[in-house]
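# Structural description and commentary
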Amino acid sequence: MGTEGMAIQHIRHWIDGKAAEGTSGEFQAVTNPATGAQTGRLPLASVDEVDTAVASAAGAQREWAKSSLAKRTQVLFKYRELLDRHREEIAELITAEHGKVRSDALGEVARGMEIVELACGIPQLLKGETSTEVSSRVDVESIRQPVGVVAGITPFNFPAMVPMWMFPLAIACGNAFVLKPSEKDPSATARLVELATEAGLADGVLNLVHGDKVAVDRLLTHPDVDAVSFVGSTPIAQYVQQTAVAHGKRVQALAGAKNHMLVLPDADLDQAADAAVSAAYGSAGERCMAVSVVVAVDPIGDELVGRIAERARNLRIGPGDQESSEMGPLVTAEHREKVASYVPQAREQGAEVVVDGTGYRVPGHEDGFFVGVSLLDKVTPDMDAYADEIFGPVLCVVRAGSYEQALELINSSRWGNGTAIFTRDGGAARRFQLEVEAGMVGVNVPIPVPVGTHSFGGWKDSLFGEHHMYGTDGIRFYTRGKVITTRWPDPSDGGVDLGFPQNT
Ligand code: NAD
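In this convention, every chain numbers its residues from 1, walking through the sequence in written order. Local features in this predicted model are restricted to residues whose pLDDT is 70 or higher, and side-chain atom pairs enter the listing and the counts only when it is 80 or higher, whereas totals over whole chains, interfaces and linings include all residues. Only hydrogens and water are set aside; all other atoms, that is, all heavy atoms of the structure, feed into the side-chain values.

A few words now on empty space enclosed by the protein. We place a 1 Å grid over just the protein atoms. Points where a 1.4 Å probe fits but has no way out form a cavity, open points with protein on both sides within 12 Å along at least 5 of 7 lines form a pocket, and any residue with an atom within 4 Å of a point lines it. Grid points are joined across faces, edges and corners, and a volume is the space filled by probe spheres set on the points. Across all of its chains, the model carries five cavities of 30 Å³ or more by this definition. Volume-wise, the largest cavity comes out at about 110 Å³. Lining of the largest cavity is provided by 15 residues; of these, Gly-285, Ala-290, Ser-292, Glu-389 and Phe-391 occupy positions nearest its centre. Taken together, the residues of the lining of the largest cavity sort by class into eight nonpolar, four polar and three charged. Here the second largest cavity is characterised by a volume of approximately 60 Å³. Along the walls of the second largest cavity sit Val-75, Leu-76, Tyr-79, Phe-167, Pro-168, Ile-171, Ala-196 and Leu-201, which together make up its complete lining. Gly is put with the polar residues, along with every residue not named as nonpolar or charged; the nonpolar set is Ala, Val, Leu, Ile, Met, Phe, Trp, Tyr, Cys and Pro, and the charged set is Asp, Glu, Lys and Arg.

Okay, structure coming up:
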């Protein structure tokens, strides 16, 4: 992993509307996964630096909460325009530090912008409810007000989209935000934050601190942080939720996944194979909505595996910035080693390795973190490849004798993020969507990521806390309810009455 002769980018925090050098003396390398070379030097925030960011947010929030919805939407529309203008640049930053191919990076920016577009409609989304004359001359109004300071902690796999699931809506609701992005690929996230200031967002409303557990722990326990939005792996999500709740904060923590795609015998097998390959190997399997298990219902197993294998063998793997690449490298060398280790282990545990990508190398990029795609057939739930979230391009196929058996398998998973059914039978699809235990269901749609006007989130160990992200749930999470009961008395009203108020 050489750095000789390469310019190393010095990455900075963004506090109170401007860049801030790291002062903790702690730094971490950021690498380009396609070359293995260090490209950035990331400051890791100390407790004092996090405190400075939170103080800036708390100060700014008091004024921002009073800003008119007209003012907020002006900033958000301008922000949307800037993102549109800079989408190629943001995608390049994603590819350079995450590794995903350019088209995938552009897709992530577009899906993130959907939530900015949603936030542009905040006057409509924040409309309250009124009931007139609930009692004599009494009206009741329900309104929603900001929570205060929100902390956002985000994963490496969507450095632009996942932060945009959070801060645009939080800010539109009148909160201030402190964002702690992944330390693996922070530059795209940093650019998103700078552009918000350029769009006219008041200083301190959106702050960025880079860091590791030290920074996260301070955000989870800081008395002036009111809410925490987290997306990441299951153990950390659980830790984040428990710690922040113990410190009096509301928390939404979206976590890991193992998404099953159920293929019934009547499905169009070419379409199902296309979908499985796209959803399993896209972004090198580093998506929380990746399909990692295909459940093939008898008797189509052999036929389906054959079609998936044929497509998998023809995928073009290479650096994300090369037009010809369909799949890039994994994010780090350690992650590549871990992902690759599941294939021989599955073979030892009795799976059939139909495609083995573990030895794959990209000529000229021997130091990059590439791995080929793997396909494991006849996997059973006791195997590690089935039980763990691999988060790489390893697709497991489990055979099932019937729809009921397949459903039982899916519902016994500890995770319940996304799932899909492939069939031509509307009745079976309807049954599945009602019976399956997962937060997001696709019918002939392998990666059912909801549009911005609906909410994103899983069940079971894929979510800690009760709110999903964005959509209606996002608005509820980032606001508190208040109910106002008003009486404008008649001159005839009056008199002391110690009885409990009744509606007459
Ligand atoms: P991660 O849990 O390692 O890291 C997420 C964030 O937590 C990062 O900002 C990281 O700095 C911080 N963190 C890591 N260890 C910590 C610790 N011990 N204490 C405090 N903070 C810590 O996740 P990742 O590897 O960056 O992302 C991949 C994971 O995220 C996968 O499990 C994937 O399924 C999940 N994910 C879930 C969703 C979803 O919507 N459910 C979306 C994207 C990713």
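Joining through side-chain atoms within 4.5 Å is the link that ties buried Ala, Val, Leu, Ile, Met, Phe, Trp, Tyr and Cys residues into a set, and such a set is a nonpolar core. Only protein chains enter the accessibility calculation, which uses a 1.4 Å probe. A residue is then buried if its area is under 20% of the maximum for its type, exposed if over 50%, and partly exposed in between. Within the largest apolar cluster, 67 residues are counted, with the highest numbers of intra-cluster contacts made by Leu-262, Val-263, Val-294 and Leu-304. Considering each element in turn, this core owes the most residues, nine residues, to helix H10 (residues 269-281). Setting aside anything within four residues of it in sequence, one finds Val-294 in contact with Met-261, Val-263, Ala-276, Leu-304, Ile-308, Leu-395, Cys-396, Val-397 and Val-398. Membership of the second largest hydrophobic core comes to 64 residues, among which are Leu-76, Cys-120, Phe-177 and Ile-475. The helix and strand labels rest on DSSP assignments: H or I over at least four residues marks a helix, E over at least two residues marks a strand, and numbering proceeds from the N terminus. Contact criterion: two residues are considered in contact whenever any of their non-hydrogen atoms come within 4.5 Å of each other.

What follows concerns the layout of surface pockets. By volume, the largest pocket is sized at about 970 Å³. If you go around the largest pocket, you meet 39 residues; those closest to its centre are Phe-156, Lys-184, Gly-232, Ser-233 and Ile-236. Elements represented by at least two residues in the lining of the largest pocket include exactly helix H6 (161-172), helix H8 (213-221), strand S11 (227-231), helix H9 (234-246) and helix H12 (333-348). A breakdown of the residues in the lining of the largest pocket according to their chemical character gives 19 nonpolar, 10 polar and 10 charged. Where each domain starts and ends follows an automatic or database-derived domain assignment. Shared between two domains, the lining of the largest pocket holds at least three residues of each, these being domain 1 (9-255 + 462-483) and domain 2 (259-443). The volume enclosed by the second largest pocket comes to roughly 380 Å³. In terms of lining residues, the second largest pocket is bounded by 19 residues, among which Gln-9, Ile-11, Ser-187, Ala-190 and Glu-194 are the most central. Within the residue set of the lining of the second largest pocket, elements represented by two or more residues are strand S1 (9-10), strand S2 (13-15), strand S5 (38-43), helix H3 (87-98) and helix H7 (187-198). Residue classes in the lining of the second largest pocket are distributed as seven nonpolar, seven polar and five charged.

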